[in-house]
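Chain and residue survey
What follows is each chain in one-letter form.
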Number of protein chains: 2
Amino acid sequence: VPLSLEPGRLIAAAQGGDRRALARLLTIVEDERGGAGLVLAAAYPDGGFTYRIGITGAPGSGKSTLTDRLIGHLRAAGEQVAVLAVDPTSPFSGGAVLGDRIRMQDHSADSGVYIRSMASRGHLGGLSAAAPRALAVLGIVGFDYVLVETVGVGQDEVEVAGAADTTVVVVNPGWGDAVQTAKAGILEVGDIFVVNKADRPGAEDAAADLVAMLALGDARSWEPPVLAAVAWQGTGTREVVDAIRSHRRHLEGSGGLEAGRRGRRRAELEAALQEVCSRRVASLAASSTHGDIVRSVADGEVDPWSAAEHLVSAGTDERWPR
Amino acid sequence: VPLSLEPGRLIAAAQGGDRRALARLLTIVEDERGGAGLVLAAAYPDGGFTYRIGITGAPGSGKSTLTDRLIGHLRAAGEQVAVLAVDPTSPFSGGAVLGDRIRMQDHSADSGVYIRSMASRGHLGGLSAAAPRALAVLGIVGFDYVLVETVGVGQDEVEVAGAADTTVVVVNPGWGDAVQTAKAGILEVGDIFVVNKADRPGAEDAAADLVAMLALGDARSWEPPVLAAVAWQGTGTREVVDAIRSHRRHLEGSGGLEAGRRGRRRAELEAALQEVCSRRVASLAASSTHGDIVRSVADGEVDPWSAAEHLVSAGTDERWPR
């Protein structure tokens with residue numbers, strides 16, 4: 001029996017600290033090759049032990065540098081930390097190397113830190129399908145915190161970071177277009193806002209803009225703080241960790257933590273249903289059994305909507321192709 | 001029998017020039033209420049008589065003003081013209097009123113012009129589902145040309161305009177960010193580019209940028225022309241119509257017209273399959289029969305991916321809910 005078919009053994013090894021086993025589990029669930037379903041099933045029930053932090057923002061806003069600092073603070077407090085980097089521009093993901101500004105090298109010898117990068121594109125179902133699977137696995141092997149870093153451009157990326165327990169949105173002074181981006185969805189997902197590179201001109205304006213925009217929304221039980229930081233110097237980054245802990249306490253006290261997780265799991269189910277359907281649709285349209293009707297549609301003989309109803313019903317009758 | 005269940009009668013009336021019947025048919029297929037399937041089925045086979053022109057570009061680029069001028073030129077040549085405006089900022093859709101710059105009032109008394117606006121959001125399946133249905137209906141009631149105006153922001157909008165026989169992309173001098181947008185997909189769908197507001201500084205640079213970007217692509221049998229226009233003055237707009245006719249002749253001569261339409265119909269089938277699936281997925285997740293499993297997922301007891309496979313298989317066995 002190949003090891004990949006023994007999720008129980010791999011999970012036990014990963015929980016015992018075997019990073020190779022963990023890496024293998026992640027590869028299995030991300031690639032959706034044989035065994036993904038078994039691994040994921042074995043990853044539940046979800047004890048909810050691991051706290052998930054999303055970090056998102058425009059490319060170049062300093063998300064990775066901030067993430068690096070957060071790792072340092074959490075490690076200093078004795079926490080076990082995993083990072084899932086799905087930002088293609090992140091140094092964690094093998095993107096732009098920012099040289100001495102990034103200290104992640106310091107963490108590579110630290111067994112309390114595990115960093116996983118994800119090629120965000122090209123997976124079946126895309127990022128929004130692959131990341132939750134990886135996070136499900138990272139959630140059961142004993143980490144206190146999982147940090148998910150995504151570039152805040154595009155719905156998928158925002159969704160992935162937004163599906164965390166606490167979401168940190170990183171912006172820069174002179175944000176300009178990013179304000180537009182924020183209006184399009186980033187603002188809504190942020191629990192904590194960090195104006196990074198706050199030593200640059202315009203930092204106070206950016207913070208004031210954020211506060212003003214946040215005030216326009218509905219009153220919430222948690223008012224997202226807007227913090228200033230210069231992550232590469234380490235200035236203001238401890239306050240970000242404090243804010244995360246404070247948001248966590250708020251969620252735990254208000255019942256919002258479990259409510260948020262229930263919502264997230266329901267959204268994951270819908271996405272998974274959509275994914276199963278998409279796979280079957282692709283099979284249906286490609287199936288030679290249905291070549292005639294596909295050709296009739298292409299010829300303009302039959303309307304695509306009747307054909308689709310017909311194909312799905314046919315697939316239902318004869319069992320859907322797998 | 002309600003009139004909506006008699007698609008044949010409504011279609012015959014619409015083909016006879018009854019605009020109320022046409023409006024009713026469009027409402028039926030856009031809303032997907034009862035009868036949509038019957039209307040669409042009756043709209044096929046698609047004789048391919050109506051030539052479809054897509055017009056897209058950034059908000060404020062002057063798409064509507066250009067569309068208005070194109071209507072004028074086509075009408076002067078005796079063509080019957082329909083417009084489907086799915087641009088929320090279009091005056092045709094009830095958006096920004098540009099006063100005397102827009103002459104569409106001139107067309108309202110002209111029985112050879114029919115203008116339909118579409119609330120681009122909020123339909124089940126979105127714009128990319130609703131627009132092809134409306135276009136299928138507009139394609140069988142005797143119009144020589146259907147113009148589809150969409151704002152070139154977002155994948156759906158670009159797709160809808162790009163699924164035309166000839167797609168016209170409208171840009172402005174000092175395009176800046178729009179070049180980024182173009183890179184993201186507008187460039188690929190354009191058969192004709194119009195630098196509108198060409199009396200402003202930077203028009204030649206914008207045209208040169210476009211030519212340079214287009215030259216970077218693969219060699220094509222049709223080289224998209226880059227034209228200059230000042231639509232509100234009527235300058236250069238006749239040349240746009242000439243270019244459309246010239247592209248049409250090219251497509252008809254090369255077999256590209258039928259090939260493009262076959263590709264479009266196949267894409268419509270895939271979208272329709274996806275839509276049927278989404279509807280069934282929504283039913284599955286909402287069905288009280290499956291309340292237990294949905295609850296188990298929300299509770300974190302069962303992983304969403306196994307649950308999705310299980311739900312779809314269950315739905316397959318017991319016939320999918322409708």
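Residues numbered from 1 in each chain as written. Chains lettered and ligands numbered in written order. Predicted model: local features only at pLDDT ≥ 70, side-chain atom pairs only at ≥ 80, totals over all residues. Heavy atoms only, no water.

**Let's talk about the overall build of chain A**
In plain terms, the rule: Secondary structure elements are taken from DSSP: a helix is a run of H or I of four residues or more, a strand is a run of E of two residues or more, and numbering for both begins at the N terminus. A simple rule labels every residue: compare its accessible area, found with a 1.4 Å probe on the protein chains alone, to the largest value its type can have, and call it buried under 20%, exposed over 50%, or partly exposed in between.
Along the backbone of chain A there are 13 helices and 7 strands. The buried share of chain A, taken over its 322 residues, is 51%.

**Examining the interface of chain A and chain B**
Frequently, the measure chosen for interface size is the accessible area that the parts lose on association. To be explicit about the condition: Contact between two residues is taken to exist if any of their heavy atoms lie within 4.5 Å; hydrogens are not considered. A simple way to read buried area is as the amount of 1.4 Å-probe accessible surface that goes missing from two parts once joined, with both sides added. Basic side-chain nitrogens of Lys or Arg form a salt bridge, by our definition, when they fall within 4 Å of a carboxyl oxygen of Asp or Glu. Whenever two N or O atoms come within 3.5 Å, that pair is a polar contact, provided that in protein one can donate a hydrogen and the other can accept it, and provided that, for residues adjacent in sequence, both atoms are side-chain atoms. Three classes are used: nonpolar for Ala, Val, Leu, Ile, Met, Phe, Trp, Tyr, Cys and Pro, charged for Asp, Glu, Lys and Arg, and polar for all others, with Gly counted as polar.
Counting residues at the interface gives 52 residues for chain A, matched by 51 residues for chain B. Looking only at chain A, the three residues that lose the most surface to chain B are A:L269, A:L273 and A:W305, adding up to 17% of its buried area. Where chain A meets chain B, there are 2 salt bridges. In this structure, the salt-bridge partner of A:D299 is B:R262, at a minimum N-O distance of 2.1 Å. Here chain A is connected to chain B by 6 residue pairs in polar contact (both at pLDDT 80 or more). Here the element with the most residues in the side of chain A that touches chain B is helix α11 (residues 256–286) of chain A; it accounts for 19 residues. By residue class, the composition of the side of chain A that touches chain B is 25 nonpolar, 7 polar and 20 charged.

**Concerning the packing of helix α4 (residues 63–76) of chain A against helix α10 (residues 237–254) of chain A**
Residues and elements named next belong to chain A. Stated precisely, the cut-off is as follows: Under this scheme, a helix contributes an axis fitted over its contacting stretch, all axes are lines through C-alpha atoms, and angles between N-to-C directions fall in the 0 to 180 degree range. Orientation categories follow fixed angle ranges, with anything under 35 degrees roughly parallel, anything over 145 roughly antiparallel, 65 to 115 roughly perpendicular, and all other angles oblique. Crossings are assigned a handedness: left-handed for a near helix turned anticlockwise from the far helix by less than a right angle, right-handed for a clockwise turn.
In the contact formed by α4 and α10, the axes pass within 9 Å of each other and the chain directions differ by 70 degrees. When the interaxial angle is binned, α4 and α10 end up roughly perpendicular. The two elements α4 and α10 cross, and the hand of that crossing is right-handed. Facing L66, R69, L70, H73 and L74 of α4, the residues of α10 in contact are T237, R238, V240, V241, I244 and R245. Of the residues that constitute the contact of α4 with α10, the class distribution is 6 nonpolar, 2 polar and 3 charged.

**Topic: the packing of aromatic side chains**
The relative placement of two aromatic rings is captured by the distance of their centres and the angle of their planes. Note the cut-off: Each pair of aromatic rings taken from Phe, Tyr and Trp, with Trp reduced to its six-membered ring, is defined by centres within 6.5 Å and is described as stacked if the planes are under 30 degrees apart, edge-to-face if over 60, and tilted in the remaining cases.
Inspection of every chain in the model, using the stated rule, returns 6 aromatic pairs over all chains. Relative to B:W305, the ring of A:Y44 has its centre 6.5 Å away and its plane inclined at 70 degrees; by these criteria the two rings are edge-to-face. Residue A:Y44 is located in the loop between α3 (36–42) and β1 (51–57), and its partner B:W305 is located in helix α13 (residues 304–317); the two belong to separate chains. Take A:Y44: its relative accessible area is 12%, and that puts it in the buried class. Assessed through its relative accessible area of 9%, B:W305 is described here as buried.

**With respect to the environment of B:V151**
Residues and elements named next belong to chain B. Relative to the assigned elements, V151 resides in strand β4 (residues 145–151). According to the relative accessible area criterion, V151 is buried, its value standing at 7%. Along the backbone, V151 and S61 are 90 residues apart, and their C-alpha atoms lie at a distance of 9.3 Å.

**Considering the nonpolar core**
Here is the rule: The definition of a nonpolar core used throughout is a set of buried Ala, Val, Leu, Ile, Met, Phe, Trp, Tyr and Cys residues joined through side-chain atoms within 4.5 Å.
Counting 94 residues, the largest nonpolar core has A:L22, A:L84, A:L138, B:L22, B:L84 and B:L138 as its most contacted members. Excluding residues that lie within four positions of it along the chain, B:L138 makes contacts with B:L22, B:L26, B:T50, B:A82, B:L84, B:Y114, B:F143 and B:V146.

**Quick look at the sheet that holds strand β1 (residues 51–57) of chain B**
Residues and elements named next belong to chain B. Applied cut-off: Any two strands with at least two DSSP-identified bridges between them are counted as paired.
With respect to topology, 7 strands assemble into an open sheet ordered β3-β2-β4-β1-β5-β6-β7, the strand pairing being parallel. Where the open sheet ends on each side, the last strands, each with one partner, are β3 (113–117) and β7 (226–228). Each neighbouring strand pair of the sheet contributes to a mean axis angle of 20 degrees, computed without reference to strand direction. Bridge count between strand β2 (residues 81–85) and β4: 5 bridges; the pairing is parallel. The residue bridging A82 from the neighbouring strand is V146, located in β4. The strands that helix α10 (residues 237–254) touches are β1, β4, β5 (166–171), β6 (192–195) and β7; relative to β1, the one it contacts most, it runs at about 130 degrees.

**Things to note about the relation of the copies chain A and chain B**
Going by this rule: Least squares is the method for superposing the copies, and the C-alpha atoms it fits come from residues with pLDDT of at least 70 in both.
Overlaying chain A with chain B gives an RMSD of 0.2 Å, the required rotation being 179 degrees about an axis along which the chain moves by 0.0 Å. Taken together, the rotation and translation relating the two chain copies correspond to the operation of a two-fold axis. Take the interface residues of chain A: 98% of them recur as interface residues in chain B, which is what a same-surface contact looks like.

**Quick look at the side chain of A:E268**
Short version of the rule: The charged-residue count follows a simple rule in which Lys and Arg add positive charge and Asp and Glu add negative charge, with His and chain termini not counted at all.
Relative to the elements of secondary structure, A:E268 occurs in helix α11. Buried and without a salt bridge, A:E268 has A:R52 as its closest oppositely charged side chain, separated by 4.1 Å. Once you skip the residues sitting within four places of it in the chain, A:E268 turns out to touch A:Y44, A:R52, A:P132, B:P304 and B:W305.

**A few points about the pairing of strand β2 (residues 81–85) of chain A**
All names here are of chain A. Among the 5 residues that make up β2, 5 are buried, leaving the element largely enclosed by the rest of the structure. The alternating pattern of β2 places V81, V83 and A85 and A82 and L84 on opposite faces, both of which are buried. Sheet topology note: the β2/strand β3 (residues 113–117) ladder contains 5 bridges and is parallel. Within the sheet, the bridge partner assigned to V83 lies in β3 and is I115.

**A short note on the sheet that holds β2(A)**
Strands pair in a sheet through their backbones, by hydrogen bonds, and they do so in one of two ways: parallel or antiparallel. Residues and elements named next belong to chain A. Read across the sheet, 7 strands follow the order β3-β2-β4-β1-β5-β6-β7 without closing on themselves; strand pairing throughout is parallel. Bordering the open sheet on either side are β3 and β7 (226–228), each of which pairs with just one other strand. Taking the axes of each pair of neighbouring strands and ignoring which way they run, one obtains an average angle of 20 degrees across the sheet. Note: strand β6 (residues 192–195) against β7, 3 bridges, orientation parallel. Note on β7: the bridge partner recorded for V195 is A228. α4 contacts β1, β2, β3, β4 (145–151), β5 (166–171) and β6 of the sheet and is inclined by roughly 175 degrees relative to β4. Contacting β1, β4, β5, β6 and β7, α10 crosses the sheet at an angle of about 130 degrees to β1.

**Some thoughts on the pattern of salt bridges**
Taken as a whole and judged by the stated rule, the model has 22 salt bridges over all chains. Across the pair B:R265 and B:D46 runs a salt bridge whose closest N-O atoms are separated by 3.6 Å. Within this pair, whereas B:R265 is found in helix α11 (residues 256–286), its partner B:D46 is found in the loop between α3 (36–42) and β1, the two being separated by 219 residues in sequence. Between B:R264 and B:D165 there is a salt bridge; the shortest N-O distance is 3.4 Å. In this pair, B:R264 sits in helix α11 while B:D165 sits in the loop between α7 (155–162) and β5, placing the two residues 99 residues apart along the sequence. Three or more residues joined by partner-sharing salt bridges are found here, namely A:D46, A:E258 and A:R265.

**Some thoughts on the confidence of the model for chain A**
All names here are of chain A. Applicable threshold: On a scale of 0 to 100, pLDDT captures the predictor's confidence in every residue.
Here chain A averages 82 in pLDDT, while 80% of its residues score no lower than 70. Averaged pLDDT values over the elements of chain A bottom out at 61 in helix α5 (residues 104–108) and peak at 97 in α10. Contacts for the low-pLDDT stretch residues 95–103, under 50 throughout, to residues beyond four places or in other chains number 14 contacts. Within the model, the stretch residues 317–322 combines pLDDT values under 50 with 18 contacts to residues more than four positions away or in other chains.

**Here we look at unusual backbone geometry**
Residues and elements named next belong to chain A. With an omega dihedral of 0 degrees, the bond running from Y44 to P45 counts as a cis peptide bond. Within the secondary structure, P45 is located in the loop between α3 and β1. Non-glycine residue K197 carries a positive phi angle of around 60 degrees. Checked against the element boundaries, K197 lands in the loop between β6 and α9 (203–216).

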